[in-house]
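The lines below spell out each chain.
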Amino acid sequence: MELTMAGALNAALRDSMRDDDSVVVYGEDVGRLGGVFRVTDGLQAEMGTDRCFDTPVAEAGIAGTALGMALYGLRPVVEMQFDGFSYPALNQVISHVAKYRNRTRGRVGLPLVIRIPYGGGIGAVEHHSESPEAYYAHTAGLTVVSPGTPADAYALLRASIAFDDPVIFLEPKRRYWLKEELDLPVAAPPIGEAIVRREGTTATVIAYGPMVTTALEAATRASDEQGWELEVVDVRTLSPLDMGTLVASATKTGRALVVHEAARFVGYGAEIAAELSERAFGYLAAPVLRVTGFDVPYPSAKIERHFLPDADRILDAVGRLLEY
Amino acid sequence: MELTMAGALNAALRDSMRDDDSVVVYGEDVGRLGGVFRVTDGLQAEMGTDRCFDTPVAEAGIAGTALGMALYGLRPVVEMQFDGFSYPALNQVISHVAKYRNRTRGRVGLPLVIRIPYGGGIGAVEHHSESPEAYYAHTAGLTVVSPGTPADAYALLRASIAFDDPVIFLEPKRRYWLKEELDLPVAAPPIGEAIVRREGTTATVIAYGPMVTTALEAATRASDEQGWELEVVDVRTLSPLDMGTLVASATKTGRALVVHEAARFVGYGAEIAAELSERAFGYLAAPVLRVTGFDVPYPSAKIERHFLPDADRILDAVGRLLEY
Amino acid sequence: MSVEVSSAASGPSSFPGLSQAAWQDVAAEGALGAATPHDVDLSAEQLRSLYRLMALSRRVDRQAINLTRQGALGVFASSQGQEAAQVGAVFALEADDWLFPTYRETVGTFARGVDVVELLALFSGSWHCGFDPYKYRVAPLTTPLATQALHAVGLAMAARIKHDPIVALTFFGDGAASEGDAHEALNMAGVYGAPVVFVVQNNGYAISVPYRLQTKASSIALRAAGVGIPGIRVDGNDVVSVYGAVKTAVDRARRGDGPTLVEAVTYRLEAHTTADDTSRYRSDDEATEWRGRDPVERFLRVLREGGVVDDAFVAEVEAEGEATAARMRDFLFDAPAGDPREMFDHVYAARTPQLDIERALLEQELRAAEES
Amino acid sequence: MSVEVSSAASGPSSFPGLSQAAWQDVAAEGALGAATPHDVDLSAEQLRSLYRLMALSRRVDRQAINLTRQGALGVFASSQGQEAAQVGAVFALEADDWLFPTYRETVGTFARGVDVVELLALFSGSWHCGFDPYKYRVAPLTTPLATQALHAVGLAMAARIKHDPIVALTFFGDGAASEGDAHEALNMAGVYGAPVVFVVQNNGYAISVPYRLQTKASSIALRAAGVGIPGIRVDGNDVVSVYGAVKTAVDRARRGDGPTLVEAVTYRLEAHTTADDTSRYRSDDEATEWRGRDPVERFLRVLREGGVVDDAFVAEVEAEGEATAARMRDFLFDAPAGDPREMFDHVYAARTPQLDIERALLEQELRAAEES
Ligand SMILES: Cc1ncc(C[n+]2csc(CCOP(=O)(O)OP(=O)(O)O)c2C)c(N)n1
Ligand SMILES: Cc1ncc(C[n+]2csc(CCOP(=O)(O)OP(=O)(O)O)c2C)c(N)n1
Ligand SMILES: [Mg+2]
Ligand SMILES: [Mg+2]
């Protein structure tokens, strides 16, 4: 069956709810409307208003009540309507969601998922195209996941719901309409494992979420136009990060770059670049480069394409990697 | 005159308020009490309740109203009582304080300062020892400053108050009682410049805020005990970062490490390590190492010293740098 | 803004015994009074102005929806049905007062005098805020809900500190009223006696979520009691009542008597935005019923009956509306994208070294694109 | 928890003309009724239990302050003066109910049955939360203000979904009530009819900030009206009234009739914490006045007058208090620091590879320290 990423996420929610009574889905407009991106479409109709319901407009409230629900043994899967509207919940997430297991000396785990459609490229107005992954990944106690394909969207969301610690599930909204032929339920590597999406020898391109498609496009063009064979690694789980897979690829190719939409400064790519530079020191023929959005607030729709990393920007960086 | 860092900050606030009527100071308990660390001691008595006043317990409210005040031409200097209680204000800070100049196409600058006592080492209960600098430094539009000495505390706070963009001013609370002989007003390099606090040739140690003292202690011991001459660079302004000074030192010594209390993963040190690895590639005899707090929620008082980087941990890392 | 330091809270003191307790109950319905009549001082000239602004607003809104359908705007949040609430409220402001709107208040912001093309930048995608806030004393249209209410309070506090007799008016919605920031804004305004007027347009929905799932309170105005400030609930489809209520609040604020929360009960006739589909969550009947209370038509009817406007005036306003619509088409269709290099210019007062490097990279990309 | 989807908000509908407007005003003082008497059902046994818990609490609190002076605790937030509010409230709970306390509710948490040594871990610095929340159905003592109120609401929502007839009770302070989270919690509890009781201890201060600088509202209970839930204001120094009011609220919640906000008006007799200096912000006179209303002594007086307790019982409780204090000294003085390696064990259900690396580094540091 051909599914979009939004469809795969919808199926994952439905299947998880069918399999486990303790899974509840809530957030702004997720009930009757089925979510502004329709990711929760049909869930309220099938599962009832106890299992899938709308909330008042209160993101701290959504995250804070999810904690209470998880404490009581449910598995809440809540939605922040857009990346830029996940910020009011940051205090609950940083102070409590991330820390509760540790605060209680391991006695209380919180099996909850916070879904956040994130990233740009859809021509939205301000505050609707943010890439907040660094805030979450830097916060000890959170597990941060971002799928790059419909199959991973399904498999990783199901795994996140079944996970016994809180997961920040970042959905690359510009890829909601990305299609893939899928046989549900799809099998995929578990949370915590990166994957080599395309093998290569010239250089390693590390990507996640919305940039997986972009990196693969760059790899195709690199091969077609330049004869460069890029190895594309999809991070999948941003925290904890599977450094083993990354180091293996970088030591093999001797050249690596990391690509993300978020701003560069103290961005997620800094971690990968810093850690690869340390662990693959001596194997690297060039420094690890970062191909990122700029250190500016996300720009307006008419110029966003100049902010977003694309295949050209990746190929330009590969060129620089090869010049060292 | 010998001043503690808290005293230097107090003097900076008082002198700024005396020099400029538009400076107002507010926050929780900053008025009559003079702040829980007494940094605002005496300001209300001297300046009146219009210029220095207490707020309800509402951090988003403090940050959001500061924006409105700055929009109207005042220069608010607000306090978040502790690092862990700055998180409720993150939405206002990320969505608006950081972005307002850009949102308004440069028409509205926001001359405001958010003071945050931060970091551990004072035996406090949970949520009172956080190091949130990565959240702020990653956010485009913010200027992030952290002094390491009483002189810098004075000079940088005065410069921040006079600055035409919002400044997140991170005060290393465990150094509030650090003393220095000062002739006020002290001169110091402006915002945006790092400084070499101690010259050396063996390796570069990059630090800021509370770790400046620790790095200097390590350098003294390195010289006394091992004959290693460490160059200590104090970052001072975390964003925008003065990479020039850092690159110059690292290329000179050929070895560098960065030290901070915050967790390592996607921490501030990742940026420095990533960028140095790129810009000083070819000059580095060893990878840039990170000496940091662990990737765990800040621990309880009785074991916090095992979390915090100290001179031993720095010297151990220097040893590893030299083994490459 | 000097606030007296009081002694401790003193409350009910009782110690009636061992099997008898005592306490005070808060009535579940709060203390909303019945609707009472108030005289409103509006000249025929002003009444015509109100009509003109509402009618123009309606035309602007319709044109904006069309421009969205045609791709000139990326999205648009219609104010149709809410013209009385928005226009009536901003009409109560003086020239030096400040307005803090949301994405919903395009027509209120237009009525305040902001150039319609500049105003729509947010939706056309040319820049986030297309107008100069200082020129119009209007803050940017804000999408993170309830956040701007705190900005209004802060500006009002600053004005009080400077002894400037100005007022800040902020709009927010029935949904936004659930956000923590809304509460902090109301409470802080109360504490400092800030000259701010909160106008909640209760249009019955937060996207798909109806009022009854947003709060158990029968009225958003009751929040006022919780923070000790005056509250008003008014028919948001009656421009004269909205004006009267908000004017009362504005006058009170300017006098130094502090903030007021005004709830204007109204209805959004169109979808939440052009990207929304109302059929998923509300009935046509409901919308039809509210169309019967259309604030623009309703007002026009009374004005005609009262002899305040004649056909010529109405035709004149219509012509002005057409001209405005034409201007929107002229300037919003194929509006130039703007120079992408500008994205580096307004992050800080001065470009940082890092931004220079990034700008150079973009420059190189742009040059490469030109060449190919 | 199924909530009906309603039609749009319907409000005042009027269109009175061109010079007459109409609106409803919210009375500035809200709708707080006069104190009314209520029968409270407490046996002599229960009354003695209440006294015992309050007296023990007082002793525990005094011992904790002493332990802080002696360095065995890093800091402590005293409940002295607030025993009636805390003990009376938790006494209204059943065994399966849940409690969500702040740093201030040590004695309420103690009265709920949490072991006093486990309870004080937060302040001794041995771990953040020293007790098992599931064992006692008590959430960790929480310092980020008002945050735990949302946890209580979520737990109550979950209980409703599961059809478990339990109640969640959360405390917060007059200061915390200003936080956005407090509003979101109250409002969401109302929307879902969550079985939760909010007990605000209005002790007149948020550290140094007096109630009158915290809010303009005459009572925190008035917040209830703003979100459409019942509110109660009660003398927080009268344990019977507190019990009665909270029991009413607990029963209501258990019946499925939703949340209640109870404001208990009280006073903190000691400093905010042992690190605070009250002389900077309040007068001795004020504290002395409130000492005259000491909830423990006051209750004992009435109990003696009513013949509910005799000297033997009082002496017994005193002895129990001394034994508890001795236990605190025994276990909190020189309590072992714990193994620092444990800091890696509870971040996730399973240690990550990165944490293994970091643990190894610490291991090496510990070994090096042992050697030198
Ligand atoms: C903090 C935040 N959360 C969520 C959203 C997404 N969102 C946009 S409009 C809206 C509904 C707002 O309803 P209301 O306040 O009643 O205003 P209306 O749209 O009806 O004018 C939501 C949830 C947002 N913009 N900001
Ligand atoms: C979110 C947050 N902001 C600030 C603080 C610092 N702080 C600790 S206690 C306190 C005052 C709280 O007053 P109140 O809620 O009345 O409780 P009380 O201490 O009187 O019991 C403050 C401001 C905090 N703990 N959490
Ligand atoms: Mg609405
Ligand atoms: Mg208090």
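The structure displayed is predicted, hence computed values, not measured ones.

Chemist: What should I look at first to understand the domain arrangement of chain A in this one?
Modeler: By a widely used convention, the size of an interface equals the accessible area lost when the partners come together. All names here are of chain A. By domain assignment, chain A separates into domain 1 (2-181) and domain 2 (195-323). Placing the centre of domain 1 and that of domain 2 at their C-alpha centroids yields a distance of 26 Å. Taken together, both faces of the contact between domain 1 and domain 2 bury some 1,900 Å²; the carbon and sulfur share is 51%. On the domain 1 side of the contact with domain 2, Glu133, Arg174 and Arg175 bury the most area, a combined 22% of that side's loss. For the pair domain 1 and domain 2, the interface holds three salt bridges. With a shortest N-O distance of 2.5 Å, Arg236 and Asp152 are connected by a salt bridge. At the junction of domain 1 with domain 2, the criterion picks out 13 residue pairs in polar contact (both at pLDDT 80 or more). Elements supplying a minimum of two residues to the side of domain 1 that touches domain 2: helix 6 (133-137), strand 6 (143-145) and helix 7 (150-162). When grouped by side-chain class, the residues that make up the side of domain 1 that touches domain 2 number 12 nonpolar, 10 polar and five charged.

Chemist: What should I look at first to understand the coordination of the magnesium ion (ligand 3) in this one?
Modeler: Around a metal, the idealised angle for a tetrahedral arrangement of four donor atoms is 109.5 degrees; for an octahedral arrangement of six donor atoms it is 90 or 180 degrees. All names here are of chain C. The coordination sphere of the magnesium ion (ligand 3), as far as protein atoms go, consists of Asp174 (OD), Asn203 (OD1) and Tyr205 (O), spread over 2.0 to 2.1 Å. Donor residues for the magnesium ion (ligand 3), ordered by position in the chain, follow D-x28-N-x1-Y. Classification of Asn203 as buried rests on a relative accessible area of 4%. For Tyr205, a relative accessible area of 4% puts it in the buried group.

Chemist: I would appreciate a short explanation of the interface of chain B and chain D in the present structure.
Modeler: Residue-level contacts link 33 residues of chain B with 41 residues of chain D. For the pair chain B and chain D, the summed buried surface comes to about 3,200 Å²; carbon and sulfur atoms form 59% of the total. When the buried area of chain B at its contact with chain D is split by residue, Val57, Phe294 and Lys302 of chain B rank highest and sum to 21% of it. Residue Arg313 of chain B is joined to Glu365 of chain D by a salt bridge in which the shortest nitrogen-to-oxygen separation is 2.5 Å. Only helix 11 (304-307) and helix 12 (311-323) of chain B provide two or more residues apiece to the side of chain B that touches chain D. Class assignment of the residues belonging to the side of chain B that touches chain D gives a composition of 15 nonpolar, six polar and 12 charged.

Chemist: Even after reading the chapter, I still don't get the site of ligand 1, so can you show me in this structure?
Modeler: Taken together, the neighbourhood of ligand 1 is formed by 20 residues, with Glu59 of chain A together with Tyr103, Thr143, Asp174 and Ala176 of chain C sitting nearest. Chains contributing residues to the immediate surroundings of ligand 1 are chains A and C. One of the side-chain nitrogen or oxygen atoms of Gln81 of chain A is found 3.4 Å away from a nitrogen atom of ligand 1. Gly175 of chain C has a polar backbone atom sitting 2.8 Å from an oxygen atom of ligand 1. Across the shell around ligand 1, the residue classes tally to nine nonpolar, six polar and five charged.

Chemist: What's the story with the site of ligand 2 in this structure? I'm lost.
Modeler: If you check the shell around ligand 2, you find 20 residues, and the closest are Glu59 of chain B together with Tyr103, Arg104, Asp174 and Ala176 of chain D. This site is not confined to one chain, since residues near ligand 2 come from chains B and D. Within the side chain of Tyr103 of chain D, an N or O atom sits 2.7 Å from an oxygen atom of ligand 2. Tyr205 of chain D is positioned with one of its backbone polar atoms (N or O) 2.8 Å from an oxygen atom of ligand 2. Within the complex, the protein chains bury 96% of what would otherwise be the 580 Å² of accessible surface of ligand 2. Tallied by class, the residues present in the shell around ligand 2 amount to nine nonpolar, six polar and five charged.

Chemist: Help me understand the side chain of Glu79 of chain B, please; the structure alone is not making it clear to me.
Modeler: Following the sequence through the fold, Glu79 of chain B ends up in strand 4 (residues 75-79). A polar side-chain atom of Glu79 of chain B sits 2.9 Å from a polar atom in the side chain of Arg115 of chain B.

Chemist: I keep staring at the sheet that holds strand 4 (residues 75-79) of chain A and nothing clicks. Help me out?
Modeler: Paired through backbone hydrogen bonds, the strands of a sheet run either parallel or antiparallel to each other. Residues and elements named next belong to chain A. Taken together, seven strands build an open sheet; the order of strands is 3-2-4-5-7-6-12 and the sheet is mixed. Looking at the sheet topology across the chains shown, the edges are occupied by strand 3 (52-54) and strand 12 (237-239). The sheet shows a mean angle of 20° between the axes of neighbouring strands, direction not considered. Here strand 2 (residues 23-27) runs beside strand 4; their pairing, made up of five bridges, is parallel. Paired with Gly27 across the bridge in strand 4 is Glu79. Set on the sheet, helix 7 makes contact with strand 2, strand 4, strand 5 (113-118), strand 6 and strand 7 (167-172); between it and strand 7 the angle comes to about 160°.

Chemist: Looking at this model, I keep getting lost on the confidence of the model for chain C. Mind explaining?
Modeler: Detailed reading of the predicted model is not advised wherever pLDDT is low. All names here are of chain C. When the pLDDT values of chain C are averaged, the result is 93; 95% of them are 70 or greater. Scored below 50 in pLDDT, residues 1-8 makes 27 contacts in the model with residues more than four places away or belonging to other chains. We note a pTM of 0.97 for the whole complex and an ipTM of 0.97 for its interfaces.

Chemist: Looking at this structure, I do not really get the coordination of the magnesium ion (ligand 4). What am I missing?
Modeler: Residue and element names in this part refer to chain D. For the magnesium ion (ligand 4), the protein coordination sphere consists of Asp174 (OD), Asn203 (OD1) and Tyr205 (O), at 2.1 Å. Every donor residue of the magnesium ion (ligand 4) comes from the same chain, spaced as D-x28-N-x1-Y. Accessibility assignment for this pair places Asn203 and Tyr205 in one class, buried.

Chemist: I tried to follow the sheet that holds strand 9 (residues 195-198) of chain A on my own but got confused; where do I start?
Modeler: Residues and elements named next belong to chain A. Strand order in the open sheet made by the five strands is 9-11-10-13-14, with mixed pairing throughout. Since the sheet does not close on itself, it has two edges, and those belong to strand 9 and strand 14 (289-293), each with one partner. When the angles between neighbouring strand axes are averaged without regard to direction, this sheet yields 30°. Where helix 8 (residues 211-226) meets the sheet, its contacts fall on strand 9, strand 10 (203-207), strand 11 (230-234) and strand 13 (256-263), and the angle it forms with strand 11 comes to roughly 170°. Each of strand 9, strand 10, strand 11 and strand 13 touches helix 9 (residues 243-253); the most contacted strand, strand 11, lies at about 170° to it.

Chemist: Before we go on, may I ask you to explain the pairing of strand 14 (residues 289-293) of chain B in this structure?
Modeler: Regular strands place side chains that alternate from one sheet face to the opposite one. Residue and element names in this part refer to chain B. The buried fraction of strand 14 is high, at five of five residues. Relative to strand 14, strand 13 (residues 256-263) runs parallel, the two sharing five bridges. Across the sheet, the residue bridging to Val259 is Val291, located in strand 14. On the question of chirality, the crossover connecting strand 13 to the parallel strand 14 by way of helix 10 (residues 268-279) is right-handed.

Chemist: Help me out: how do you make sense of unusual backbone geometry in this one?
Modeler: Among all residues save glycine, negative phi is the norm, and among peptide bonds the norm is trans. All names here are of chain A. Following Ser239, the chain continues to Pro240 via a peptide bond in cis, the omega torsion being -5°. Position of Pro240 relative to the elements: it lies in the loop between strand 12 and helix 9. Phi is positive for His127, which is not a glycine, with a value near 75°. Mapped onto the elements, His127 comes out in the loop between strand 5 and helix 6. Its identity is not glycine, yet Val266 carries a phi of approximately 50°, on the positive side. With respect to the secondary-structure elements, Val266 resides in the loop between strand 13 and helix 10 (268-279).

Chemist: Just checking my understanding: could you explain the interface of chain D and chain C for this structure?
Modeler: Contacts between the two partners involve 88 residues from chain D, matched on the other side by 88 residues from chain C. Both sides together, the interface formed by chain D and chain C hides about 8,000 Å², and carbon and sulfur atoms give 58% of it. There are 15 residue pairs in polar contact (both at pLDDT 80 or more) connecting chain D and chain C. Ranked by residue count, the leading element in the side of chain D that touches chain C is strand 1 (residues 20-26) of chain D, at seven residues. A per-class count over the side of chain D that touches chain C returns 44 nonpolar, 30 polar and 14 charged. As paired elements, strand 2 (residues 36-39) of chain C and strand 1 of chain D share four bridges and run antiparallel to each other. Considered in strand 1 of chain D, the bridge of Pro37 of chain C is made with Ala22 of chain D.

Chemist: Just checking my understanding: could you explain the relation of the copies chain D and chain C for this structure?
Modeler: Mapping between the two copies of the chain is achieved by a rotation about an axis and a shift along the axis. With an RMSD of 0.0 Å, the operation that places chain D on chain C is a rotation of 180° combined with a shift of 0.0 Å along the axis. A rotation of that kind, with that shift, is consistent with a two-fold axis. Taking the C-alpha atom as reference, chain D places Gly180 of chain D closest to the rotation axis, 1.7 Å from it. Here 100% of the interface residues in chain D have copies in chain C that are interface residues too; the copies meet face to matching face.

Cut-offs used in this document
- Residues numbered from 1 in each chain as written.
- Chains lettered and ligands numbered in written order.
- Predicted model: local features only at pLDDT ≥ 70, side-chain atom pairs only at ≥ 80, totals over all residues.
- Heavy atoms only, no water.
- Domains from an automatic or database assignment.
- Buried area = accessible area lost by both parts, 1.4 Å probe.
- Salt bridge = Lys/Arg side-chain N within 4 Å of Asp/Glu carboxyl O.
- Polar contact = N/O pair within 3.5 Å; in protein donor to acceptor, adjacent residues only side chain to side chain.
- Helix = DSSP H or I, 4+ residues; strand = E, 2+ residues; numbered from the N terminus.
- Nonpolar A, V, L, I, M, F, W, Y, C, P; charged D, E, K, R; others polar.
- Donors = N, O, S within 2.8 Å, 3.2 Å for Na, K, Ca; no water.
- Buried < 20%, exposed > 50% of the residue type's maximum accessible area, 1.4 Å probe, protein only.
- Contact = heavy atoms within 4.5 Å.
- Near = heavy atom within 4 Å.
- Areas by Shrake-Rupley, 256 points an atom, 1.4 Å probe, with all protein chains shown as cover.
- Pairing = 2+ DSSP bridges.
- Axes fitted to C-alpha atoms, helices over the stretch in contact; angles between N-to-C directions.
- pLDDT = per-residue confidence, 0-100.
- Right-handed = clockwise from strand over helix to strand, strands pointing away.
- Least-squares fit on C-alpha atoms with pLDDT ≥ 70 in both.

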